[in-house]
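Okay, here's what each chain looks like letter by letter:
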Amino acid sequence: MMIPLNNGIMLSTVHTMKGLEKDIVFLIGMCEGVFPDYRAKSKVELDEERNNAFVAITRSRRWIFVTYPEKRMMPWGDYKYHSASRFFLDMQ
């Protein structure tokens with residue numbers, strides 16, 4: 001999550017933004033396997049991930065920009081293709 005500051009931006013995780021609000025929020029990486037995390041398999045884990053997405057989205061007072069990559073290069077040099085997160089699709 002990126003939050004604009006007067007002289008730059010503040011980079012933060014969703015977890016550290018609980019209770020805080022900013023005028024503009026950039027929520028990046030809303031793709032399957034990242035948000036929700038690929039390790040979240042059970043209903044309880046997926047519900048926790050959905051709650052974290054809700055927290056991230058509600059941090060914005062005025063504007064929120066939500067993005068996800070079509071593909072990204074992995075550390076070993078291969079490309080991994082991504083699809084939009086189910087949470088992102090639920091917002092539409």
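For the structure, check the block above.
Residues numbered from 1 in each chain as written. Predicted model: local features only at pLDDT ≥ 70, side-chain atom pairs only at ≥ 80, totals over all residues. Heavy atoms only, no water.

**Describing the overall build of the protein chain**
- Broken down by element type, the protein chain carries two helices and six strands.
- Element order for the protein chain, N to C, with α for helix and β for strand: β-β-β-α-β-β-β-α.
- By principal-axis analysis of the C-alpha atoms, the protein chain measures approximately 40 × 35 × 25 Å.
- For the protein chain, the residues scored as buried account for 30% of the 92 residues in total.
- Sequence-distant contacts in the protein chain: of pairs separated by 6 or more residues, those separated by 24 or more amount to 60%.
- Of the accessible surface of the protein chain, which amounts to about 6,500 Å², a share of 56% is contributed by carbon and sulfur atoms. (Helix = DSSP H or I, 4+ residues; strand = E, 2+ residues; numbered from the N terminus. Buried < 20%, exposed > 50% of the residue type's maximum accessible area, 1.4 Å probe, protein only. Contact = heavy atoms within 4.5 Å. Areas by Shrake-Rupley, 256 points an atom, 1.4 Å probe, with all protein chains shown as cover.)

**Regarding the pattern of salt bridges**
- Using the criterion set out here, one finds five salt bridges in the structure.
- Measuring nitrogen to oxygen at the nearest pair gives 2.7 Å for the salt bridge that ties Glu32 to Arg86. Of the two residues, Glu32 is situated in the loop between β3 (22–27) and α1 (43–57) and Arg86 in helix α2 (residues 86–91); the sequence distance between them amounts to 54 residues. (Salt bridge = Lys/Arg side-chain N within 4 Å of Asp/Glu carboxyl O.)

**Structural notes on the nonpolar core**
- Counting residues in hydrophobic clusters, the biggest one holds ten residues: Val14, Leu27, Met30, Phe35, Ala53, Val55, Ala56, Ala84, Phe87 and Phe88.
- At the level of elements, α1 and α2 are the ones that each hand at least two residues to this core.
- By residue number, the principal contributor to this core is α1, which donates three residues.
- Setting aside chain neighbours within four positions, we find Phe88 in contact with Met30, Val66 and Tyr68. (Core = buried A, V, L, I, M, F, W, Y, C linked by side-chain atoms within 4.5 Å.)

**Digging into the pairing of strand β4 (residues 60–66)**
- Here five bridges tie β3 to β4, and the two strands are oriented parallel to one another. Following the sheet pairing, Leu27 is matched in β4 by Val66.
- The parallel pair β3 and β4 is bridged by α1, and the resulting crossover is right-handed. (Pairing = 2+ DSSP bridges. Right-handed = clockwise from strand over helix to strand, strands pointing away.)

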